[in-house]
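Structural overview
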Amino acid sequence: MTSMHAVYNLVHPPTSVEHALWCYLTTLKHKQLVTIGANVINVYRVLDRQYEGFDLSAPADTSSRAKLEHQHSFKLFGNVMSAVVISRGMAERGESDMLDAIALTFSPAKAVIVMYDVYSNDLKPLSLHDYDNTEPSLHARPSIPEVRVDPEMRCAAFLAHGYKLVVIPLRKELQDEKTLGDSYLQVYRNLSSFVIDLSSLEEPVANVLDFQFLHGYFEPTLFVIYQQIQTWTGRLAMRKDTIAMTTLSINLPHQSYPIIWTQNSLPYDCFRIVPIPKPIGGALIFGANVLIYMNQSIPPFGVMTNSLARATTDFPLKSAVEEKLALDTSRTCLLDSDKVTTILKTGDIIIITLLVDEMNIVRSFHFQKAATSAQTCCILNIEDGFLFLGCRLANSLLLSYTRQIAPKQGDWAIQRPPAVKKRRINTEADWIEPDNLDEELYGESVVQMHKDTSVASDQVIYTYSLQVCDSLLNIGPISKMTIGECLNISEELSTGASDLETELVVGSGHDKNGAITVLQRTVKPHIVTTFELPLYRDLWTIQGTSKDEKGNFRHSCLILSKKDSTAILETSEEINEIEDSGFVYQESTIFAGNADNNLVIQVTPTKIVLLEQTACKDVLTLEEGESHLVAASICDLFIFVLNEDGKYHIVQIKRSDPEKPKLVFAKRSQSPESQRVTCGCVYKDTSGIFTVSQKGILSDSADVSETSISGQPPTEKELTVDEEDALLYSDKAVLDVSAVFEPPRIKPEPTEVAKTSIVHLDTECSATYWCVIGLANGMLQMLSLPDMKLRYVVSKFYHAKKAYTTSDIFTELKPDPEESLLGSDQRQAKFPINEVNLVGLGPANSRPHLFTLLSDELTIYEIRESFPTQAQGTLQISLYKFCHETLLQQWLGERKALKKVSSLYPGWEDEDPYIDELANTEDAAAEDAPKRFKIPKLVQRLRVVNNVSGYSGVFVCGYHPVWILMTAKGVLRPHVMWADGAITNYANLNNVNCPSGFLYFTQKDQLRISVLPSNWDYDSHWPLRKINIKASVLHISYHLQRKCYVLVTSHTEPVNRMPRLVMDKLEPELLERDENYVYPIITKQSLRMMQHEAWQLDSNAKWDADEWEHITALKCVKLANEGERSALQEYVVIGCSVVYGEELPCRGIIRMFDLNVTRGTPPADDPHEDDDIIESTPKYSLHLICEHEQKGPITAVNAVEGFLVSSSGQKIFIHTFQYNKFTACAFVDATPFTLGIHTMKSFVLSNDIYKSVLLHKFDPKSKAFCLISKDVRRVESMASCFFVDNKLLGFLVTDTKCNMSLLMYQPEMKESHAGQRLVKMVDFNSGCKINCFANIKCKSSFFKSQDARKMKEIDNKLTSFFGTLDGGIGYVVPIQEKLYRRLRMLQNTMNNCVAQSAGLNPRQYRCQIEGWRVLNNSSRGMIDGDLIFQFASLSLGERLEIADRIGIDWHYLIDDLVEVHHCTTLF
């Protein structure tokens, strides 16, 4: 028996936003925006754009200057269903001196309360509540576990299984008070969570629609709406108004929950509750056609939002809306206590104002349409006039709103009642009007006296205007995807016809936000020109005095270094060599760069040269007998140089005479031989983060209250009259005495809480200078300049821990048990810090990042202000690791092919950058073997990127080069650039011919001058290009012959007519309704062509479907015409379904088009920039060849062996194409609804929406079409594809429960019943709904050092890429069994050893979800790539522990990950 194994990895995380929160999550200085989409949590801060040149003199535009800056990102092993903020300080002590917590719920019934941990830079769980394994009940039903929190932070509650309400207390209860001698003790106890069975209440509650905690009650009060007896639109004539409401008052200490308020016969379409805070109180109930306000003390008040409510409910409502509104699927949030913002399904943003009287009783509603956006999943009110719209169908938006007082005219003005009150008619028999009730209780004189002292004023109504400040990119939901050929690349990067450069094209968005997104996993630069320059090993560019149009300095010269000489080139309009200058030509250059005020530094092995542009000002020569320089770093007036013997020097530029600057040694290293320096750099800090602590650890930072020191009982606070009244009569519950008495506690370090939500950067912070050095023993040190005092130490930096929050400057260093087994020479060379570079990134360089190369691994740390106070005299900083999955290492098979087994950096003794590729070959044939690239020791790999197409960051040279870019959102984006092979070195270039570009050397001694394509966006996980077409993309296919994309688009329109059959003739019937009637929506679909070169829709190649016709299938197929199957021609085939309603039968049509192309000159106002592309822009035209009608709807089409395959109803047909018409030659009975058809050679794989997949085979000679095998499980499949691993063939299937199954045809197995059933080989839950697949052949370009068998093994594999509805992209790649065994052991060990965010279990997350009980065991065979790739980001200690448990060297585990990573980086 043969089996298949695979690796699953979601490489592009979800981009949709489903939940948004506003809280103090990671800092107390300012609130942060927390966005949640699927299993990804992102944290942003609202940042002022002052540093971008905005005019600060205009205060009216303050909100428009805001933008979002990314702070943190957390990836969970579970999809977040609901989330709320818990203010921990308010919940525990009624104060806001603690970070907020977040309550998250996961399906089916799990809740976790998490809080940010500064020491691990992760979300740690505070409490976990798991009710997944609840006993089955008749009341249980699949439901989203929504979570709610009490406004006073007394408790939280979430719904489990649709009928159980889990209550989680958040405060402690005072249990006892004791006096022990001189001390005073208060004893608190934790309240346990409990479950409310809604089905066992006095009035049973079932089918809960929504629940919320109300404001202003003494105890937590829960407002619930439910539908005990269900109905739907088609049964309104028999049953309506089925919604009921009940309110529970929850007593936390006694765990009791009496019902205090009920209401029946609410409209059947109510779906959401919005609690209204004081002074109004109560709650708003949203229905599809109604809006109802309810309060316990007054009768309900409701209005109709459209005329449909007259026929759907008998609830008393008022018709007070001039414009028709459909509130179904709307999202709401509070702007104020009397204002609610609502976003409708059409994208309209409506501001609802609650109009109240003097008694704060709602009398009416005012509706105002403020703007139009996309349909959103959540809306969040941010302080200082901001709104955030989280969306799954389009980009999420940050909006700013301003308001003005509306003129009092028409319905906008509220007429106050006259002085003499009129008794109004009361519709409730048991309700007394409040005015009369006051008179009966207190007397008329008291009431009149109160009226005289109150100030009566009209309620102010505002008009709102919105403005877009920023957006978050979203490429979901991915409807379809395809693989196409990448045409717009440079010829130097083309690999030839045998291995085409490809790109991934997906359809995303919905309706007016629909778009086509083109993605590439590697950066493909646009190469301007190439020069052949052999024997050069490094290069630098020097800035001049001239500036470009954007104010950036242009580069004036280029420095090229050989082994023993240097060349200087001028970089103006033409590149010419400079022969007469102050540079040193007779030696190789170690480093060169700009210093302060147009000064240039050149460092050679024996000299340090100071120049002003090209004129030499000073030369500093090393003393005789001193070892040569091998590395250098420059920052303003400070220069760091390193000798071969591991000693460093700090050189400073003295400007006592401005005309004659001098170079002097500011510091010479006197470090002992045991602390040899391997690398270092200098850094200028302008962010203010690098500050030295002036406080001790205990004396100043921790201030203990007098109560805890003296041991005396706490003193009671002096309460004012208002506070005493609030304590006696307020509706706020005081569960612990901390609201009146101060318990003993340690006060935190005083932190200034921001009064505004916008963060203003301090751009006028004084600059400080620092030196970072790495030692051979793995220690990292930071020193201040120019005094060279040691300020921060990480003793064992090679461990690469997740966070370094304290300095080891005063810590006694203990020997590592593992290192004690090695000698001193081996210990120094075991974990060297090969290179270090501290770079200021982000806005105004406010985000310093430390880039290091540990052996051949790239490690990145972000430096932030230290949360705990450091020791006196040390830096108040913490280092937090940036986890990435970009692996730069060579594969083990490549390293074995080298003559010397070495890492990416060869030994110091090797000066040749090239070595033979084959290892043990000594014959003459080895001379013709290809040369293998190897970087010399003196070459710097970490190169600073400055203003390359507007981006800044670091470029990592090497075998597998990668860009690390800091984008406008403040996110580090690693993008690999493997299209041009290994890159030896890199330099920025900005001149007339190459603005904001760069240049680099390849392994073939080619100097390439390049730019990043301007129409690509690198502020995303992958380089992408999003083309907005303002329509939904239903299908997409690549036409290989015409090299273009064919797609089906749709847009929605309201329709006021219905098709009717009159005398066997179809005639539309016009629907005459009133002006407030909401008409149904119909989709109009079209067949369009996308020009590949210009990426725009061709207006000439368009075919519109009829009004009631739907295009349900699209495929570019190769068919044989007129029986000549050897000459296949590519056509565009669509399947259409014509649906007129329930009264008329549905029919299907197959249409086939021929795509013609002509080339012409586009109009002069074409917006595209590339003239060569514009001149060759093709013009397409669609020619309809034939139409073929079917009795049932056409749901899928494809081609097999030159024949057309189509599904119609419960049958699958095979058609021949002869004489411009289709003729059915074979068919087979299939399943009820075939969702898709996939073909490979003579096999046909079809997946049904209810019956999983079926495998057929077609014989073109006998035209026999038969069923081979099928999957008998009841699976609601969403997508399927073939899965190829050399000679093995499998079938991937995904369903609506996020399950992924791998099936095989194994007739020899018992479970297959002699081949009648497909055998399930893999059970796996992806955690996301996969909607489409695209297969692409694996590349063996990174495995050429191996034998032909290994290359063939990789080339004969197909990697299956998939797209999700959340905007995520991943792959499933087959692997060999030996590799699977190792990775399986790694996965099992990491499940038990590695702590995950929020305390979630990856093993449970990947278990297959079934809708019923199954008797068979789950099948293994799929590796969780999201988990095992975390191994590359673990610290050294964690790696050693995991490898020790497995019994293998951790380098081999990294090598396995490198193999999978390189094998799947395909486009």
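Attention here is on the structure that accompanies the text.

The rules we used
- Residues numbered from 1 in each chain as written.
- Predicted model: local features only at pLDDT ≥ 70, side-chain atom pairs only at ≥ 80, totals over all residues.
- Heavy atoms only, no water.
- Helix = DSSP H or I, 4+ residues; strand = E, 2+ residues; numbered from the N terminus.
- Buried < 20%, exposed > 50% of the residue type's maximum accessible area, 1.4 Å probe, protein only.
- Contact = heavy atoms within 4.5 Å.
- Areas by Shrake-Rupley, 256 points an atom, 1.4 Å probe, with all protein chains shown as cover.
- Pairing = 2+ DSSP bridges.
- Expected span 1.5 Å × (residues − 1).
- Phe/Tyr/Trp six-rings, centres within 6.5 Å; stacked < 30°, edge-to-face > 60°.
- Lys NZ or Arg CZ within 6 Å of the ring centre and 35° of its normal.
- Patch = residues over 30% accessible without salt bridge, like charges linked within 9 Å, V, L, I, M, F, W, Y side chains within 5 Å.
- Salt bridge = Lys/Arg side-chain N within 4 Å of Asp/Glu carboxyl O.
- Lys, Arg positive; Asp, Glu negative; His and termini not counted.
- Charge placed at Lys NZ, Arg CZ, Asp CG, Glu CD.
- Core = buried A, V, L, I, M, F, W, Y, C linked by side-chain atoms within 4.5 Å.
- Polar contact = N/O pair within 3.5 Å; in protein donor to acceptor, adjacent residues only side chain to side chain.
- Axes fitted to C-alpha atoms, helices over the stretch in contact; angles between N-to-C directions.
- Left-handed = near helix turned anticlockwise from the far one by under 90°.
- Nonpolar A, V, L, I, M, F, W, Y, C, P; charged D, E, K, R; others polar.
- Parallel < 35°, antiparallel > 145°, perpendicular 65-115°, else oblique.
- Arc of directions from axis to C-beta.

1. A look at the overall build of the protein chain
On a plain count of helices and strands, the protein chain comes out with 15 helices and 95 strands. Looking at the protein chain as a whole, 56% of its 1467 residues qualify as buried. Across the protein chain, every contact between residues at least 6 apart in sequence was considered, and the portion connecting residues at least 24 apart equals 59%. Accessible area for the protein chain stands at about 64,300 Å²; split by element, carbon and sulfur atoms hold 49% of it.

2. Here's the deal with the sheet that holds strand β57 (residues 847-854)
Taken in spatial order, the five strands make up an open sheet running β55-β59-β58-β57-β56, and their pairing is antiparallel. Among the strands making up the open sheet, the edge pair consists of β55 (803-804) and β56 (833-841).

3. Quick look at unusual backbone geometry
Here the amide bond leading from serine 107 into proline 108 is cis, since omega sits at 0°, within 30 degrees of zero. Checked against the element boundaries, proline 108 lands in the loop between β7 (101-106) and β8 (110-117). Of note, the bond from leucine 785 into proline 786 is cis; its omega dihedral lies within 30 degrees of zero at 5°. Structurally, proline 786 can be placed in the loop between β53 (780-785) and β54 (789-794). The backbone of methionine 788 shows a phi angle near 60°, a positive value even though the residue is not glycine. For methionine 788, the location among the structural elements is in the loop between β53 and β54.

4. Comments concerning helix α15 (residues 1450-1464)
It helps to recall that an α-helix has 3.6 residues per turn; residues three or four apart then point in one direction. In a regular helix each residue adds 1.5 Å, so 15 residues correspond to 21 Å; α15 covers 22 Å between its end C-alpha atoms and thus fits that length. Counting buried positions along α15 yields 13 of 15 residues, so the element is predominantly enclosed.

5. Section: the packing of aromatic side chains
Under the definition given, this model contains 38 aromatic pairs. Ring geometry for phenylalanine 301 versus phenylalanine 365: centroids 5.5 Å apart, planes at 40°, classification tilted. With phenylalanine 301 in strand β23 (residues 298-304) and phenylalanine 365 in strand β27 (residues 362-372), this pair connects stretches of sequence that are 64 residues apart. Put simply, the rings of Phe955, Trp963, Tyr986, Phe998 and Tyr1000 pair up and form one aromatic cluster. Above the ring of phenylalanine 1431, the side-chain terminus of arginine 1439 is found at 5.9 Å from the ring centroid.

6. Quick look at a positive patch on the surface
The grouping of Lys1251, Lys1270, Arg1274 and Arg1317 at the surface amounts to a positive patch. Relative to the elements of secondary structure, arginine 1317 occurs in the loop between β90 (1299-1304) and β91 (1319-1325). The class for arginine 1317 is partly exposed, based on a relative accessible area of 34%.

7. Observations concerning the pairing of strand β3 (residues 32-37)
Within β3, six of the six residues are buried, which leaves the element mostly enclosed by the surrounding structure. With burial as the criterion, each face of β3 is covered, one bearing Gln32, Val34 and Ile36 and the other bearing Leu33, Thr35 and Gly37. Here strand β2 (residues 19-23) pairs with β3 via five bridges, running antiparallel. Each residue of the ladder has a partner; that of alanine 20, found in β3, is threonine 35. Looking at chain direction, β3 and strand β4 (residues 40-48) are connected through five bridges and run antiparallel. Across the sheet, residue glycine 37 finds its bridge partner in β4, namely valine 40. Hairpin connection from β3 to β4: two residues lie between these consecutive antiparallel strands, with alanine 38 at a positive phi of about 60°.

8. Section: the nonpolar core
When a protein is soluble and globular, its nonpolar side chains tend to lie buried together. With 51 residues, the main nonpolar core has Leu504, Leu1383, Leu1386 and Phe1431 as its most contacted residues. Take this core: its biggest share by element is seven residues, from α15. Excluding residues that lie within four positions of it along the chain, phenylalanine 1431 makes contacts with Leu1386, Met1390, Arg1439, Ile1442, Trp1450, Leu1453, Ile1454 and Leu1457. In this structure, Trp540, Ile578, Ala592 and Val609 belong to the second largest nonpolar core, which totals 31 residues.

9. A closer look at the side chain of arginine 272
Locating arginine 272 in the fold gives a position in strand β20 (residues 270-275). The side chain of arginine 272 is buried and forms no salt bridge, while aspartate 210, the nearest opposite charge, is found at 5.0 Å. One polar contact links the side chain of arginine 272 to the main-chain carbonyl oxygen of serine 330, over a distance of 2.4 Å. Setting aside its immediate chain neighbours within four residues, arginine 272 contacts Asp210, Ile225, Leu284, Ile285, Phe286, Ser330, Arg331 and Thr332.

10. Structural notes on the packing of helix α11 (residues 1377-1393) against α15
Relative orientation of the contacting elements α11 and α15 amounts to 115°, with a least axis distance of 11 Å. Judged by the twist between their axes, the crossing of α11 over α15 is left-handed. Two secondary-structure elements touch here, α11 through Leu1379, Arg1382, Leu1383 and Leu1386 and α15 through Leu1453, Asp1456, Leu1457, Glu1459 and Val1460. Of the residues that constitute the contact of α11 with α15, the class distribution is six nonpolar, no polar and three charged.

11. Points about the packing of α11 against helix α14 (residues 1436-1446)
Two elements in contact, α11 and α14, have axes separated by 10 Å at closest approach and are oriented at 125°. Judged by the angle between their axes, α11 and α14 are oblique. In this structure, the crossing between α11 and α14 has a hand that is right-handed. For the pair α11 and α14, contact is made by Met1385, Leu1386, Thr1389, Met1390 and Cys1393 and by Ile1442, Arg1445 and Ile1446, respectively. For the contact of α11 with α14, the per-class residue count stands at six nonpolar, one polar and one charged.

12. Thoughts on the pairing of strand β59 (residues 877-881)
For β59, the tally of buried residues reaches five of five residues, placing the bulk of the element in the interior. Relative to β59, β55 is paired through two bridges, and the arrangement is antiparallel. When the bridges of β59 are listed, tyrosine 804 appears paired with leucine 879. Two strands pair when backbone bridges link them, and strand β58 (residues 857-865) and β59 are joined in this way by five bridges, in the antiparallel orientation. Within β59, the residue paired with arginine 864 across the bridge is serine 878.

13. Let's talk about the side chain of asparagine 1325
Secondary-structure assignment places asparagine 1325 in strand β91. At 3.2 Å, the side chain of asparagine 1325 and the backbone oxygen of lysine 1297 are in polar contact. A distance of 3.1 Å separates a polar atom in the side chain of asparagine 1325 from the backbone nitrogen of glycine 1327. Once you skip the residues sitting within four places of it in the chain, asparagine 1325 turns out to touch Lys1297, Cys1298, Asn1299, Tyr1405, Arg1406, Cys1407, Gln1408 and Ile1409.

14. Comments concerning the environment of methionine 782
With respect to the helices, strands and loops of the structure, methionine 782 is situated in strand β53. You can call methionine 782 buried: its relative accessible area is 2%. For the pair methionine 782 and threonine 874, spaced 92 residues apart in sequence, the C-alpha separation works out to 9.6 Å. Setting aside residues no more than four positions away along its own chain, methionine 782 makes contact with Phe690, Cys771, Val772, Lys789, Leu790, Arg791, Tyr792, Ile863, Leu875 and Ile877.

15. Looking at the pattern of salt bridges
Pairing between side chains of opposite charge can happen when the charged atoms of each approach one another. All told, the structure shown has 46 salt bridges when counted by the stated rule. A salt bridge links arginine 1382 to aspartate 1456, with the shortest nitrogen-to-oxygen separation between them at 2.8 Å. Of the two residues, arginine 1382 is situated in helix α11 and aspartate 1456 in helix α15; the sequence distance between them amounts to 74 residues. Through salt bridges with shared partners, a single network forms among Arg45, Glu69, Arg847, Glu862 and Arg864.

16. Re the environment of cysteine 681
Tracing the backbone shows cysteine 681 in strand β48 (residues 677-685). Classification of cysteine 681 as buried rests on a relative accessible area of 1%. As for cysteine 681 and alanine 632, which are separated by 49 residues in sequence, their C-alpha atoms are 7.3 Å apart. Among all residues touching cysteine 681, those that are not within four sequence positions of it are Ser633, Phe640, Trp770, Cys771, Val772, Val836, Asn837 and Leu838.

17. Considering α14
Among all positions of α14, only Leu1436, Arg1439, Ile1442, Ala1443 and Ile1446 are buried. Down the axis of α14, the sector holding all buried residues measures 130°, keeping them to one side. α14 presents Asp1444 and Arg1445 as exposed residues on the side facing more than 90 degrees away from its buried surface. Buried positions along α14 lie against β58, α11 and α15. At the C-terminal side of α14, glycine 1447 shows a positive phi close to 90°.

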